[in-house]
Amino acid sequence: MSSGYYRELFEALGLKVSTCTTPEAALARLARETFELVVISQKGPGLDARPFLARSMELDPRPPVMVVTRQFDVRSHDEAVLLGVAGYLPELVTVQEIVQVTRTCLKLESGQDALS
């Protein structure tokens, strides 16, 4: 699924969306802006997003982080959870599953459902 698909989905949920094409650009943006939710696209097996996760949480630990991965594996999931990821799901999930995980992530940050 393309980033355009996720952009449209999150915008339909009423969220303002900002995308970056590289981890470096995303970290630079995280250093100067505040976000309600951070979504990371993990392209392959193994948590290759680990350095990004660690640095993003150093910059601002407040927004929940959701990882969308092309290849789900238990080790990467467990590692992501240990690093503080609020949501971890395979790329090929239903719209309802994405909405549910997004709602859960935003509840964690605010204590209430920001999409209600």
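The structure this text deals with has already been given above.
Overview of the structure. Residue numbers run consecutively from 1 along every chain, following the written order of its sequence. Whole-chain, interface and lining totals are the exception, using all residues; otherwise, since this is a predicted model, local features are given only for residues with pLDDT of at least 70 and side-chain atom pairs are given and counted only at 80 or more. By convention in this description, side-chain values take in all heavy atoms of the structure and omit both hydrogens and water.

Focus: the pairing of strand E3 (residues 87-90)
In terms of strand pairing, strand E2 (residues 65-69) meets E3 through four bridges, oriented parallel. Counted as the bridge partner of Thr69 is Pro90 from E3. Considered for its hand, the β-α-β crossover made up of E2, helix H4 (residues 74-82) and E3 is right-handed. Think of it this way: DSSP has to see at least two bridges between two strands before they count as a pair. For the purposes of this entry, the term helix denotes a DSSP run of H or I that reaches at least four residues, the term strand denotes a run of E that reaches at least two, and both are numbered from the N terminus. Classification remark: right-handed applies to a crossover when, strands pointing away from the viewer, the course from the first strand over the helix to the second runs clockwise.

Concerning helix H3 (residues 50-59)
Burial status follows relative accessibility: with a 1.4 Å probe on protein chains alone, a residue under 20% of its type maximum counts as buried, one over 50% as exposed, and anything between as partly exposed. For H3, every residue scored as buried is listed here: Phe52, Leu53 and Ser56. Along the axis of H3, the buried residues cluster in a sector spanning 100°; they form a single face. Of the residues in H3, the exposed ones pointing more than 90 degrees away from the buried face are Pro51 and Glu58. Its buried side turned inward, H3 meets helix H2 (23-32), strand E1 (38-42) and E2. This arc is built from the directions going out from the helix axis to the C-beta atoms. We call two residues contacting when some pair of their heavy atoms lies within 4.5 Å.

Examining the sheet that holds E2
One open sheet holds the three strands; their spatial order is E1-E2-E3, and the pairing between them is parallel. The open sheet is flanked by E1 and E3, the only strands paired with a single partner. Geometrically, the sheet is characterised by an average inter-axis angle of 20° between neighbouring strands, direction not taken into account. When E1 meets E2, the two strands line up parallel, connected through five bridges. Counted as the bridge partner of Ser41 is Val68 from E2. Interaxial angle, 0 to 180 degrees, is taken between N-to-C directions of lines fitted to C-alpha atoms, where a helix line uses only the stretch in contact.

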